[in-house]
Protein chains: 2
Amino acid sequence: MKRIALLGATGSIGKNCLDVIRRLRSQFRVVTMTTNNNTEILAEQAEEFRPTLCAVMDPHKVDDLQDRLSERKIQIRTGPEGLLEAATHPDTDLVVNALVGAVGLIPTIRAIEAGKDVALANKESLVMAGEFIMNLAQEKKVQIIPVDSEHSGIMQCLHGNRREDVARIILTASGGPFFNRRAEEFQSITPQQALEHPTWNMGPKITVDSATLMNKGLEVIEAHWLFGVPISHIEVTIHKQSIIHSLVEFTDGSILAQIGPTDMRLPIQIALTFPERMESPYPRVRFEQTRMLTFEKPDHEKFPCLRLAYKAAQDGGTTPAVLNAANEIAVQAFLENRISFEKIPSLIEETTTRHVRADRPSLNEILTADRWARGYVMKQLP
Amino acid sequence: MKRIALLGATGSIGKNCLDVIRRLRSQFRVVTMTTNNNTEILAEQAEEFRPTLCAVMDPHKVDDLQDRLSERKIQIRTGPEGLLEAATHPDTDLVVNALVGAVGLIPTIRAIEAGKDVALANKESLVMAGEFIMNLAQEKKVQIIPVDSEHSGIMQCLHGNRREDVARIILTASGGPFFNRRAEEFQSITPQQALEHPTWNMGPKITVDSATLMNKGLEVIEAHWLFGVPISHIEVTIHKQSIIHSLVEFTDGSILAQIGPTDMRLPIQIALTFPERMESPYPRVRFEQTRMLTFEKPDHEKFPCLRLAYKAAQDGGTTPAVLNAANEIAVQAFLENRISFEKIPSLIEETTTRHVRADRPSLNEILTADRWARGYVMKQLP
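No experiment lies behind these values; they were computed from the predicted model shown. (Residues numbered from 1 in each chain as written. Chains lettered and ligands numbered in written order. Predicted model: local features only at pLDDT ≥ 70, side-chain atom pairs only at ≥ 80, totals over all residues. Heavy atoms only, no water.)

### Regarding the nonpolar core
- Grouped together as the largest cluster of nonpolar side chains are 241 residues, with contacts concentrated most on A:L272, B:L272 and B:I344.
- For B:I344, the contacting residues outside a window of four places in its chain are B:V208, B:T212, B:C305, B:N327, B:A330, B:V331, B:F334 and B:I339. (Core = buried A, V, L, I, M, F, W, Y, C linked by side-chain atoms within 4.5 Å. Buried < 20%, exposed > 50% of the residue type's maximum accessible area, 1.4 Å probe, protein only. Contact = heavy atoms within 4.5 Å.)

### Thoughts on the interface of chain A and chain B
- Facing the 45 residues of chain A at the interface are 45 residues of chain B.
- Both sides together, the interface formed by chain A and chain B hides about 4000 Å², and carbon and sulfur atoms give 51% of it.
- At the junction of chain A and chain B, the tally comes to 6 salt bridges.
- Of the charged contacts, one joins B:E249 and A:R284 as a salt bridge, the two residues approaching to 3.9 Å between their closest N and O atoms. (Buried area = accessible area lost by both parts, 1.4 Å probe. Salt bridge = Lys/Arg side-chain N within 4 Å of Asp/Glu carboxyl O.)

### A few points about the sheet that holds strand 4 (residues 75-78) of chain B
Residues and elements named next belong to chain B.
- Pairing within the open sheet is parallel, and its 7 strands lie in the order 4-3-2-1-5-6-7. The open sheet has two edge strands with one neighbour each: strand 4 and strand 7 (144-146). Sheet twist, expressed as the mean angle between neighbouring strand axes with direction ignored, is 20 degrees.
- As judged from the 4 bridges shared by strand 2 (residues 28-35) and strand 3 (residues 53-56), these two strands associate in the parallel manner. (Pairing = 2+ DSSP bridges. Helix = DSSP H or I, 4+ residues; strand = E, 2+ residues; numbered from the N terminus. Axes fitted to C-alpha atoms, helices over the stretch in contact; angles between N-to-C directions.)

### Considering the relation of the copies chain A and chain B
- Once chain A has been moved 0.0 Å along the axis and rotated by 180 degrees, it coincides with chain B to within an RMSD of 0.0 Å. These values place the two chain copies in the arrangement generated by a two-fold rotation axis. Of the C-alpha atoms belonging to chain A, the one lying closest to the rotation axis is found on A:G160, 2.2 Å away.
- A symmetric contact is evident, with 100% of the interface residues of chain A recurring at the interface of chain B. (Least-squares fit on C-alpha atoms with pLDDT ≥ 70 in both.)

### Thoughts on unusual backbone geometry
Residues and elements named next belong to chain A.
- The step from F274 to P275 runs through a cis peptide bond, and the omega angle for that step is 5 degrees.
- With respect to the helices, strands and loops of the structure, P275 is situated in the loop between helix 11 (265-273) and helix 12 (287-290).
- Of note in this structure, K141 is not a glycine but carries a positive phi near 55 degrees.
- With respect to the helices and strands, K141 occurs in the loop between helix 6 (123-140) and strand 7 (144-146).
- The backbone of L213 sits at a positive phi, close to 70 degrees, despite the residue not being glycine.
- Relative to the helices and strands, L213 resides in the loop between helix 9 (204-212) and helix 10 (214-227).

### Re the packing of aromatic side chains
- Scanning the model with the defined rule gives 16 aromatic pairs over all chains in all.
- Ring geometry for A:W372 and A:Y376: centres 5.2 Å apart, planes at 25 degrees, overall stacked. Taken together, the residues A:W372 and A:Y376, both in helix 16 (residues 363-380) and 4 residues apart, mark about one turn of the helix.
- Taking relative accessible area as the criterion, A:Y376 reaches 9% and is therefore assigned buried.
- By way of ring pairs, the aromatic residues A:F178, A:F179, A:F186, A:F303, A:F334 and A:F341 are connected into one cluster.
- We note A:R277 situated over the ring of B:F250; from NZ or CZ to the ring centre the distance is 4.0 Å. (Phe/Tyr/Trp six-rings, centres within 6.5 Å; stacked < 30°, edge-to-face > 60°. Lys NZ or Arg CZ within 6 Å of the ring centre and 35° of its normal.)

### Here's the deal with the packing of helix 4 (residues 79-87) of chain A against helix 5 (residues 105-113) of chain A
All names here are of chain A.
- It is at 9 Å that the axes of helix 4 and helix 5 come closest, and there the two elements cross at 40 degrees. On the basis of the axis angle, helix 4 is oblique to helix 5. In the crossing of helix 4 with helix 5, the sense of the turn from one axis to the other is right-handed. Residue-level inspection shows L83, L84 and A87 of helix 4 in contact with helix 5, the latter providing I106, P107, R110 and A111. (Parallel < 35°, antiparallel > 145°, perpendicular 65-115°, else oblique. Left-handed = near helix turned anticlockwise from the far one by under 90°.)

### Points about the pattern of salt bridges
- Taken as a whole and judged by the stated rule, the model has 66 salt bridges over all chains.
- Between B:K123 and B:E219 there is a salt bridge, with the nearest N and O atoms lying 3.7 Å from each other. Residue B:K123 is found in helix 6 (residues 123-140), and its partner B:E219 is found in helix 10 (residues 214-227); the two are separated by 96 residues along the sequence. There is no split in this pair, since B:K123 and B:E219 are both buried.
- Where B:E249 meets B:R168, a salt bridge forms, and the shortest distance between an N and an O atom there is 3.1 Å. In this pair, B:E249 is assigned in strand 10 (residues 244-250) and B:R168 in strand 8 (residues 166-173), connecting sequence segments 81 residues apart.
- Under the relative-accessibility criterion, B:E249 is labelled buried at 4%.
- B:R168 sits in the buried class, given a relative accessible area of 7%.
- Taken together, the salt bridges that share partners define one network made up of A:D19, A:R22, A:R25, A:E48, A:D263 and A:R265.

### Quick word on the domain arrangement of chain A
Residues and elements named next belong to chain A.
- Domain annotation of chain A identifies domain 1 (2-146), domain 2 (151-261 + 294-307) and domain 3 (316-382).
- Opposite the 13 residues of domain 1 that make contact, domain 2 presents 15 residues.
- Roughly 1200 Å² of surface becomes buried between domain 1 and domain 2 when both sides are summed, with 74% attributable to carbon and sulfur atoms.
- For domain 1, the biggest contributors to the area lost against domain 2 are K123, V127 and P146; these three give 47% of the whole.
- Between domain 1 and domain 2 we count 2 salt bridges in total. (Domains from an automatic or database assignment.)

Structure follows, in structure tokens:
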């Protein structure tokens, strides 16, 4: 029986994680659950999974949560302290970090400090503080297990192989909804168009990141830290069918690829059960139905976010944290119809260019850079 | 330094194996080498690799070999005993069995009995006596490492995973030169046409087996024994690009696929270095050049050999050995223009139908069935 802390239970990954656990009840117990402000869904989930502790980040919603769960003997917490208490609860073995955005960083660090394995869906943790987190995980002898389908694929391909035998990692990208749109027409892209993602069903921020290819850029940085492979050995290929999630080429030229249905529950289950596997009822890939798999180079001119992410990763230090923060604010502004789709990369580029980088940064320097970048982008918004 | 016995040095796999070793001289030493009757090439190879012992199967060629190597202090042997001495030489660690046909069976068994790991390119060993060989290997605690690109791929996908987590194995087939030819036109296929294989460069017997799909049928049987997976969990898909060599689906629905260039030296190198890897200069797969990968179901009506192999595998006992023997004689007769291409499967089917199967056969029963089948097919030839 593995005991789970689920941070971000009411989001897309959180709900899918509970769906996996619902089917594997004999293997897992949810001990803590958190939400940003969705007390209605969290209360329903708590009724079903009966955790020991529930936390809602927004202090204005704590009374509502208390009311909804008044019949149950469940401890209720709020604010950042509540989130961290959920992340470090002594009765848990594995922390599933399904928080979206930079808010996920400190819970990841505190969970590792508390000696918990972390199933990490929050890519910002590693984008902002990859070196810090991986060193800490090694020191505390805990595992950081990826939940992202791409990184789950790499983990599966690498399992049993020596890291020094890896020549390159290839992440696949669906290309997003605008892959075939002409660059001249990018100006007119609306949030509604960006949110219509062809293959994966995800939250709005990540869906926009998929449309700009920033999502893939963040994944490149994440893969670099997770697997200890140089940025220059990590490539991105556009694979519209989203069936191959990633590939690893070894120094002898042999390649292993991980293939699966486009169902988030599969990489979530793999993260929960790793290194073992359990049966699943998810749809199977049928090759004779698929027939064609295509691969194309990404267009860095049309999608500057990918280029910016590679550059930030090469620069290192606090720059990836700044890239991430600028992207969060810019995407939010785009979703609120305050800036155009094209303005997202130009705001990010301006911010990373203006940033004065700190190398081998402390956690404090990372958080300072993050705040600076957010403030800087805010000031540029109309 | 791994010390190698190379059985079948002058064939396609043997030459490629020496090409790999030529590049990795500091890692390997060839101690014994054998040929069926190609003393000219064996002598050249021996001049270069300076083995301790050379064997030529054909006793009429032993004097010729002796003459060619008279300047060297190399022991010369001949006949089946010479082959077995090469296979069990005390100064070797790994026996590379690159013999073609049923003649490879006994050397495999003797090598295992002598406690040698075996890199197995001779698929007939496992097709004829898979259960016997795998039990013996387990008892002697030696590894049977596949050299075939498809089985090498499966081995790489399975490495680090639990056998009980495997749901199915999918072997890819190029489809051979006649995949798109209409069934009515099979009658007119000539040996020359069958020998023009689109992707792999192999010996004539295996090339004809690729054209009939019997090669894939034998590989299904081989995979069954090598990896302990039921025949019903092993599938074949036609993948014309021959870039994905095989796939393993796990019980959770995740699939690992092995991808590589169509260069036999890669799986040979992997077999020699397994479970480690070494750098190689072989061509790399470039995804953006390939772009399209296709998958199609094999047509069991047009290619009855695949169906016959599945049936023989399901029947078990001595039937796969009979299938293999009937196929060897029928293919030889086709290559000699004595029978048509279509006659190959019908001769095999007649032979396996007539055969009275022995279950859980002894080695003697297997060899008797093999001899019976050869004699039976010979009698049917015009």
